[in-house]
Amino acid sequence: MKQSRVWQSILNDIELNISKANFVTWFNNTYIYSVDGDRVVIAVPSGFSKEWLENKFHTQLLKYLTKYYPETKRIEYKIVSPGKPKQSKQKRENKEAPLLGEIRSANLNPRYNFQNLVVGEHNELAIAAGQAVVKQLGEKYNPLYVFGGVGLGKTHLIQAIGNEVLKNQPNSVVRYLTSEKFTSDFVNSIRNQTIEKFKQLYNSVDLLLIDDIQFIGGKEGTQEQFFHTFNNLYQKNRQIVICSDCPPRSIPALEERLCSRFEGGMIVDITKPDLETRVAILNKKAKLSGFEEVDQQAIEYIASSAVQNVRELEGYLNKLLANCQLKGINPSLQNTIELLGDDFSRIKQESSGPKGVLKTVADYYKLEVKSITGKGRKSEVVQPRQITIVLLRDKLKMPFEAIGKELGGRDHTTIMHGYNKVRKELKKDPLLKQDLDAIKEVLG
Ligand code: ADP
Ligand code: MG
């Protein structure tokens, strides 16, 4: 039988067992390239189909192929570009299906794209760096390391990078995963003795997106494997983008060699969006949920609540939109206050208490709360600690005793001494005064 007939009949069998979308995605433009003794070579249109067929369909294909070529022991996949597609409707649909398939399989959420990402002062550098990476994959900033607090759009940004690359070059291989997934894949591959396969999976990657890298801290075996994966890709000029909740040096128990690799490219941070940007984000989200016009007073009310984490802001907006949809009414300032007012005043109370002050000061100086309450005496922590004392005393009217307790159990005389000292310094040091005013503004 002719090879093309064999392949057609194998495809007929496979088609019965998987969904239409999957079938089109993975088997379009495949054919038997050659049969040579125990080796069959299958032509595939992209590195991505190659990887997929190898990992998901290998056993099935082997079974089918041995029906026609009983000697078959090995299947190899050869990437052959499929030639210029005719723009018939069918072809276009097929082309779209693989694209969607690839986006899905790279673990990317198509909603996380650049169009939906609102640019503000807090993230413009990170976004610009991300766009530069898309334009010059592997050449410009490698790795790109993005860090920032929870819910501020890091995952959105790195997935947007992946989606944009796949849009521009549908055949490129993009892999998005969290460092926890990397760890569990690695551990499983050792357990199942499939470590070679694990390594191979990363061989063909053009763009590796690793989210929440901070969780790799303390995991020695995984760090070692990640170091090799990183080097392997880096040497081949493949692009790596990493996200974290802190700079490389602040990841606890991170090997020095990984730390310096991470620092070897471009490091950018994402901070909290200002009021204007929060308004823009909420408007964008409302529009994406199908609400063309939401009362601006309602939007501004949500945006100026004490909630600064974008994910939570989005949560409150969704609550409002769902509620209004259910009742068949339009969101107004009045019904927004009714629905969210209690939540917002509770959050405001919490964030303006001592814990809120500590957190705000820590965020402002890009420190952890525990370094402010801790014993460290370096000027990087001493000044923020003194600013905290002033705020707790002047703004919250706390007794020195209570402030001492809040600051890791310090003696009240130490606190009093610190307070008087900063008060004097504030008169002489305009920069210190500027810091204090900026923090007061955040606290509202
Ligand atoms: P992180 O990974 O930093 O914790 P995410 O990327 O998961 O945060 O973002 C949380 C939510 O906020 C997502 O739904 C994301 O789309 C949204 N978001 C964050 N920043 C922006 C922004 N600048 N524009 C639009 N949406 C944003
Ligand atoms: Mg995230």
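This report concerns the structure included in the present document. Because the structure is predicted, anything quoted here is derived from the model rather than measured.

1. Considering the nonpolar core
So, point 1. Ile161 and Leu209 are the most contacted members of the largest nonpolar core, which has 27 residues in total.
So, point 2. Put simply, the parts of the chain that give this core at least two residues each are helix 5 (124–135), strand 4 (144–148), helix 6 (154–168), strand 5 (174–178), strand 6 (207–211), strand 7 (239–244) and strand 8 (266–270).
So, point 3. If you tally residues by element for this core, the top one is helix 6, at 6 residues.
So, point 4. Once you skip the residues sitting within four places of it in the chain, Ile161 turns out to touch Phe114, Gly130, Val133, Val134, Leu144, Leu207, Leu209 and Val241.
So, point 5. Counting residues in each nonpolar core, the second largest holds 26 residues, with Tyr145, Leu177, Cys246 and Ile251 among its members.

2. Focus: the sheet that holds strand 1 (residues 31–36)
So, point 1. Read across the sheet, 3 strands follow the order 1-2-3 without closing on themselves; strand pairing throughout is mixed. This sheet does not close on itself; its edge strands, each paired only once, are strand 1 and strand 3 (74–79). Looking at each pair of strands side by side, their axes are set apart by 25° on average, direction ignored.
So, point 2. With 6 bridges joining them, strand 2 (residues 39–44) and strand 3 adopt parallel strand pairing. Each residue of the ladder has a partner; that of Val41, found in strand 3, is Glu76.
So, point 3. Packed onto the sheet, helix 1 (residues 3–17) meets strand 1 and strand 2 and runs at close to 120° relative to strand 1.

3. Here we look at the packing of aromatic side chains
So, point 1. Within this structure, the stated rule accounts for 15 aromatic pairs.
So, point 2. Relative to Phe344, the ring of Tyr301 lies with its centre 5.6 Å away and its plane at 45°, an arrangement referred to as tilted. With a gap of 43 residues between them, Tyr301 in helix 12 (residues 296–303) and Phe344 in helix 14 (residues 333–352) connect regions that are remote in the sequence.
So, point 3. We note Lys63 situated over the ring of Tyr64; from NZ or CZ to the ring centre the distance is 5.3 Å.
So, point 4. Here the guanidinium or amino end of Arg257 rests over the ring plane of Phe227, the centre of that ring lying 4.0 Å away.

Calculation notes
- Residues numbered from 1 in each chain as written.
- Chains lettered and ligands numbered in written order.
- Predicted model: local features only at pLDDT ≥ 70, side-chain atom pairs only at ≥ 80, totals over all residues.
- Heavy atoms only, no water.
- Core = buried A, V, L, I, M, F, W, Y, C linked by side-chain atoms within 4.5 Å.
- Buried < 20%, exposed > 50% of the residue type's maximum accessible area, 1.4 Å probe, protein only.
- Helix = DSSP H or I, 4+ residues; strand = E, 2+ residues; numbered from the N terminus.
- Contact = heavy atoms within 4.5 Å.
- Pairing = 2+ DSSP bridges.
- Axes fitted to C-alpha atoms, helices over the stretch in contact; angles between N-to-C directions.
- Phe/Tyr/Trp six-rings, centres within 6.5 Å; stacked < 30°, edge-to-face > 60°.
- Lys NZ or Arg CZ within 6 Å of the ring centre and 35° of its normal.

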